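Spelled out from the first residue to the last, the chains are:
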Amino acid sequence: MHEREAVSPEADVDERRLEGALRPRSLEDFVGQERVREQLSLVLHSAQRRNRAPDHILMSGGPGLGKTTLAMIIAAELGVPLRITSGPAIERSGDLAAVLSTLQEGEVLFLDEIHRMARPAEEMLYVAMEDFRVDVVVGKGPGATAIPLDIAPFTLVGATTRAGMLPAPLRDRFGFTAHMDFYDADELERILYRSAGLLGAPLDPEAAREIAGRSRGTPRIANRLLRRVRDYAEVRGDGDLTLHNARAALDLYEVDALGLDRLDRAILDVLMRRFRGGPVGLSTLAVSVGEEAETVEEVAEPFLVRSGFLARTPRGRVATPQAWEHMGLTPPPDAAFGAGRVEDAADTGAA
Ligand SMILES: Nc1ncnc2c1ncn2[C@@H]1O[C@H](COP(=O)(O)OP(=O)(O)OP(=O)(O)O)[C@@H](O)[C@H]1O
Ligand SMILES: [Mg+2]
């Protein structure tokens, strides 16, 4: 797997531990996602008024956008305990039965990566979500019987980075789905100020803007870049989170002004200099930057496409005018994006 520590939206165990300290604890402290926050606030407070467990809640969105944070906030807002498990931890339906049968009334069950749960457990979850019941199978073979067991009413909070991979019957059993979007620069700046405050390091406004601009719309990346800048400022600079220190630190980690890292830039560079901006096939492009096609496609391209630097067309990858500009290169007169072809082709969504 390609090394891209600085701008990966994923986090390893160590980083997740660090993140705990930076999590907002209430809906009020949770920055951005205005619509989700408002809807959620309504769902939670109306349930509280009726003195019932709220509907099951599904959160979908990319890594590092705040799903786990929001799950914890939901339990905190309701003032109920939170039980945490994840799809991969549920290998058999018995694993799920053990969790469900020990829930307290009103408890929030957070099921992270719910799309990775074992299939047989899904059936059990359907019944539990709908009827607050699990059917415990006793015995084996033809003599086996299912004994229905009532469980306490609870609220399931599911999180997934791949809502499309959830079977429809499961998706339908959630009363509310929160779609988490990428954050804009203002929101990321607010998150950065908040985190800097918690780290005890005052953040200059220009530095906040600079870091936000390089954070790919993702709070996790923003917080990570902030820590890098803080470390840099402590070791190399005067300890202050200034624009100068922010730029120097992020240049050192090869995260450019718009959040592109070395691989992103290598892809654009090869695409432009060697292939005149494309179109070029994925595998050729990958070989040219010395990476697996899968890495290029899954690690680098989503952000390049999302930020309008790269188009996937039926005949291959094409650099957009924005990409030429960002890389400071001049497209040849016959570059592939001429005459609206990129836009047309990109619409087909084909690779
Ligand atoms: N809206 C937000 N306001 C403030 N901080 C946030 C917000 N969203 C996320 N963060 C911070 O970003 C980090 C990552 O968030 P979180 O762990 O909730 O992401 P996630 O969506 O669960 O990611 P994954 O899919 O990898 O589990 C945390 O440190 C969290 O505090
Ligand atoms: Mg999470």
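The structure presented is a predicted model; accordingly, all values stated were derived computationally and were not measured. (Residues numbered from 1 in each chain as written. Chains lettered and ligands numbered in written order. Predicted model: local features only at pLDDT ≥ 70, side-chain atom pairs only at ≥ 80, totals over all residues.)

Digging into the site of ligand 1
By nearness alone, 22 residues border ligand 1, and Glu19, Gly66, Lys67, Thr68 and Thr69 come closest of all. For the shell around ligand 1, the per-class residue count stands at nine nonpolar, eight polar and five charged. Structurally, the shell around ligand 1 is a two-domain feature, drawing no fewer than three residues from each of domain 1 (33–179) and domain 2 (185–252). (Near = placed C-beta within 6 Å. Nonpolar A, V, L, I, M, F, W, Y, C, P; charged D, E, K, R; others polar. Domains from an automatic or database assignment.)

Some points on the UniProt feature "binding site: Mg(2+)" (unreviewed entry) in the chain
Here the UniProt-annotated "binding site: Mg(2+)" (unreviewed entry) positions come out as Thr68. Counting through the fold element by element, Thr68 comes out in helix α3 (residues 67–78). The residues touching Thr68, leaving out its near neighbours within four places in the chain, are Asp112 and Ala159. (UniProt positions renumbered as here; feature names shortened; annotations may be inferred. Helix = DSSP H or I, 4+ residues; strand = E, 2+ residues; numbered from the N terminus. Contact = placed C-beta atoms within 7 Å.)

Examining the packing of helix α11 (residues 262–273) against helix α13 (residues 293–306)
It is the contact of α11 with α13, at a shortest axis distance of 10 Å, that shows an interaxial angle of 85 degrees. Comparing the axis directions of α11 and α13 gives the class roughly perpendicular. Between α11 and α13, the residues in contact are Leu263, Asp264 and Ile267 and Val296, Ala300, Phe303 and Leu304, respectively. Broken down by class, the residue content of the contact of α11 with α13 amounts to six nonpolar, no polar and one charged. (Axes fitted to C-alpha atoms, helices over the stretch in contact; angles between N-to-C directions. Parallel < 35°, antiparallel > 145°, perpendicular 65-115°, else oblique.)

Some remarks on the domain arrangement of the chain
Splitting the chain by domain gives domain 1 (33–179), domain 2 (185–252) and domain 3 (262–348). The C-alpha centroid of domain 3 is placed 30 Å from the C-alpha centroid of domain 2.

Overview of the sheet that holds strand β6 (residues 155–160)
To summarise the sheet geometry, strands pair through backbone hydrogen bonds and adopt either a parallel or an antiparallel arrangement. One open sheet holds the five strands; their spatial order is β2-β3-β6-β1-β7, and the pairing between them is parallel. Lying at the two open borders of the sheet, with one neighbouring strand each, are β2 (82–86) and β7 (176–179). On average, each strand axis in the sheet is inclined to that of its neighbour by 20 degrees, with strand direction left out of account. With four bridges connecting them, strand β3 (residues 108–112) and β6 associate as parallel partners. (Pairing = 2+ DSSP bridges.)

Regarding the UniProt feature "binding site: DNA" (unreviewed entry) in the chain
Residues annotated in UniProt with the feature "binding site: DNA" (unreviewed entry) correspond here to Arg312 and Arg317. In this fold, Arg312 is placed in strand β8 (residues 310–313). Exposure remark for Arg312: the 21 C-beta atoms within 10 Å place this residue in the buried category. Following the sequence through the fold, Arg317 ends up in strand β9 (residues 316–319). You can call Arg317 buried: it has 28 C-beta atoms within 10 Å. (Buried ≥ 20, exposed ≤ 12 C-beta atoms within 10 Å, placed from the backbone.)

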